[in-house]
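Architecture at a glance
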Amino acid sequence: MERDEIKVNLNGDSYSTEKCMITHQSELPLLMSSENDGKLQKEEEGDDLHPGVKHPTSYVETLINLIKGNTGAGMFAMGDAFKNAGLLVGPILTVILGIICVYGNHILVNCSVAIREKKKMKKPLAFAETVQICFEEGPKFARPWANTVRICTYVFITITQLGFCSVYFVFISSTLVKILVPYGINIAAHTYMTMILLPILATALIRNLKFLTPISSLANLSLGSGVLLTLFFASRDLPPLATRRMAADWKQLPLFFGTTVYAFEGISLVLPLQNEMKNAKKFDTKFGVLNMGMTVVCAILISIGFVGYLKYGDDVKGSLTLNLEGTGLFSEIVQLNICFGILLSYTLQFYVPIKIIWPHVERKFAPMKHPVLCEKLFRTAFVIGTYFVALTVPHLGHFISLIGAVCGTTLALIFPPICDLVIRWPSDFGKLKWRLILDIFSLLVAAIGLVTGVYYSLEAIFDAYSNTT
């Protein structure tokens, strides 16, 4: 659908925001601390249309980056998600959730455009700053909450990214167990987590974004080839459709909801990608990058979920790669390749929360005698923290569902419609108040998914933990 022209009533003339830059190999914009602003300005001055961007991206480049940013480790859990929905219900609900997520993405873009036009701002806005300024320029009852929602956005982004990091420990260790047990190597998953802690820590201590680029490229290559080969193995000798449930028990749907929202999580990448595009107007048009890219992402998720559940039924694992055991040496190489890509992806996801938290710590305890050493110790503590969280998680699929239900729902389904409500309040909702209806519908879906998803995910985690003790 063509982007609608936004007419909003914005008040006030001042704002405050932080500069940001992005790496397309990560799922989120990488926030820069204030002391790096000067370097950023010198290195990447850009032009009037693309401030801070040295090399604006084309339509195809932006499309590829959007697809990459929305297809991470969570997509391998879609088979487990379809087990909790059914072969018929799963694709339908995936499309519905995809449409709601894309609607939220469009809202975010529209709000950012409206704010920048009103303020005559040249510098791009990040997710958190867009949410904050929407509240600042909204009705009086919303303005006192502006700083709170900005902080909440940062908190949920941080939790999401650290959650990714903990999932990576579980993902890699579980895969290694499945590969090596047939060869008589009976090592517990927790031991593998400890073994991979050192290489993960070594990459997480890299402070310069420039040195992360080759790591990111290798991770993309490993994951991309891994997805295609996993689908190839899973698609062989498929059983009849009648052998699988078309619709699962409704009590399992919250687990499907959390896992799918987790897999769709990439909303924080939307604004940086649009800001770097040569022709930003083509980002959110009818056949723009956003609609076309998310259509491809939705197709990938449905393909993995449908094939995974059809092939393995109720035996499908929290990661589809765990079902590839016993299919030969080549499949084991594929699984190791995916593990390698996931291991390299850790530092990319880890970079984001560190860039959010560390500048505040640094300011609080300034001046530091050894700031570089302190930052590395800080990074080490957080890596070990994600490691210990992974040790306590007995089931990968349930943990993914919990993160998606809490953080993914809030970022993708709650904050965007709330921003739309406050910036359009009280009457700018279109004919028959159709925007108001869509915003409320999105919030209702989010609320139901959040509450039920958290409840059943925690229940499943406790049950799984009880069964392992």
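Residues numbered from 1 in each chain as written. Predicted model: local features only at pLDDT ≥ 70, side-chain atom pairs only at ≥ 80, totals over all residues. Heavy atoms only, no water.

**Description of the overall build of the protein**
So the rule is basically this: Numbering goes from the N terminus for both helices and strands, where a helix is a DSSP run of H or I of at least four residues and a strand is a run of E of at least two. A 1.4 Å probe rolled over the protein chains alone gives each residue an accessible area, and that area as a share of the maximum for its type sets the label: buried under 20%, exposed over 50%, partly exposed in between. Note on contacts: a residue pair is in contact if any heavy atoms of the two residues lie within 4.5 Å. For the area figures, the Shrake-Rupley method with a 1.4 Å probe applies, and any residue is considered shielded solely by the protein chains shown.
On a plain count of helices and strands, the protein comes out with 15 helices and 2 strands. The buried share of the protein, reckoned over its 469 residues, is 55%. Counting only contacts in the protein whose residues sit at least 6 apart along the sequence, the fraction spanning at least 24 positions is 81%. A total of about 20,600 Å² of accessible surface is found on the protein, and carbon and sulfur atoms cover 66% of it.

**A short note on the packing of helix 7 (residues 189-204) against helix 13 (residues 371-391)**
Counted only if it meets this: Axes, fitted as lines to C-alpha atoms, cover a helix only where it is in contact. Angles between the N-to-C directions of the axes lie from 0 to 180 degrees. Roughly parallel here means an angle under 35 degrees, roughly antiparallel means over 145, roughly perpendicular means 65 to 115, and every remaining angle is called oblique. Crossing handedness: left-handed means the near helix sits turned counterclockwise from the far one by under a right angle, and right-handed means the same turn made clockwise. Amino acids outside the nonpolar list (Ala, Val, Leu, Ile, Met, Phe, Trp, Tyr, Cys, Pro) and the charged list (Asp, Glu, Lys, Arg) are all regarded as polar, and Gly is one of them.
At a minimum axis separation of 10 Å, helix 7 and helix 13 run at an interaxial angle of 155 degrees. As the angle between them shows, helix 7 and helix 13 are arranged roughly antiparallel. Regarding helix 7 and helix 13, the two cross each other, and that crossing is right-handed. Contact residues: His190, Met193, Thr194, Leu197, Ile200, Leu201 and Ala204 in helix 7; Arg379, Thr380, Val383, Tyr387, Ala390 and Leu391 in helix 13. Class assignment for the residues of the contact of helix 7 with helix 13 results in 9 nonpolar, 3 polar and 1 charged.

**Examining the nonpolar core**
How we decide: Residues belong to a common nonpolar core when they are buried Ala, Val, Leu, Ile, Met, Phe, Trp, Tyr or Cys residues joined through side-chain atoms within 4.5 Å.
By size, the foremost hydrophobic cluster in this structure holds 115 residues, and its most contacted members are Phe169 and Tyr346. Looking at this core element by element, the count peaks at 16 residues for helix 6 (residues 146-180). Discounting chain neighbours no more than four positions away, the residues touching Tyr346 are Cys165, Tyr168, Phe169, Ile200, Ala204, Val383 and Thr386.

**Focus on the pattern of salt bridges**
Our working definition: Note on definitions: salt bridges are taken to be side-chain nitrogens of Lys or Arg within 4 Å of carboxyl oxygens of Asp or Glu.
Enumeration according to the criterion identifies 5 salt bridges in this entry. The salt bridge partner of Asp80 is Lys83, with a shortest N-O separation of 3.2 Å. You can see Asp80 and its partner Lys83 sitting in helix 3 (residues 78-83), 3 residues apart, about one turn around the helix. Asp80 gets classed as buried once you look at its relative accessible area, which sits at 4%. You can call Lys83 buried: its relative accessible area is 17%. Salt bridges sharing common partners tie together Asp420, Arg424 and Asp428.

**Examining the side chain of Thr386**
Going by this rule: N or O atoms within 3.5 Å of each other form a polar contact, as long as, within protein, one can give a hydrogen and the other can take it, and as long as residues adjacent in sequence are counted only when both atoms are side-chain atoms.
Note on placement: Thr386 falls in helix 13. When its relative accessible area of 4% is taken as the criterion, Thr386 is described as buried. Within the structure, Thr386 has its side chain in polar contact with the side chain of Tyr346 (distance 2.6 Å). A distance of 2.7 Å separates a polar atom in the side chain of Thr386 from the backbone oxygen of Val383. Contacts of Thr386, omitting those with residues within four sequence positions, involve Leu162, Cys165, Ser166, Phe169 and Tyr346.

**A short note on the packing of aromatic side chains**
This is how it is decided: Here the aromatic set is Phe, Tyr and Trp, taking the six-membered ring for Trp, and pairing holds for ring centres within 6.5 Å; pairs whose planes are under 30 degrees apart are stacked, those over 60 apart are edge-to-face, and all others are tilted.
According to the stated counting rule, one finds 11 aromatic pairs in the structure shown. Arranged with centres 5.6 Å apart and planes meeting at 65 degrees, the rings of Phe232 and Phe233 form a pair that is edge-to-face. Relative accessible area serves as the criterion here: at 47%, Phe232 is assigned to the partly exposed category.

**Details of helix 13**
Worth spelling out the cut-off: Expected span of a helix, by definition, is 1.5 Å for each gap between consecutive residues, and there is one gap fewer than residues.
For helix 13, built from 21 residues, the straight-helix expectation of 30 Å at 1.5 Å per residue is met to within 8% by its first-to-last C-alpha distance of 30 Å. The complete set of buried residues in helix 13 reads Glu375, Phe378, Arg379, Thr380, Val383, Thr386, Tyr387 and Ala390. On its buried face, helix 13 sits against helix 6, helix 7 and helix 12 (329-364).

**Section: the confidence of the model for the protein**
For clarity, the cut-off: The quantity known as pLDDT measures the predictor's confidence residue by residue, on a range of 0 to 100.
For the protein, the average pLDDT comes to 79, and 84% of its residues sit at 70 or higher. Segment residues 1-48: pLDDT under 50, and 121 contacts once partners within four positions in sequence are set aside and those in other chains are kept.

**Thoughts on the environment of Ile338**
Considering the arrangement of structural elements, one finds Ile338 in helix 12. Separated by 163 residues in the primary sequence, Ile338 and Thr175 place their C-alpha atoms 9.4 Å from one another. The residues touching Ile338, leaving out its near neighbours within four places in the chain, are Phe76, Phe171, Leu223, Gly226, Thr230 and Thr321.

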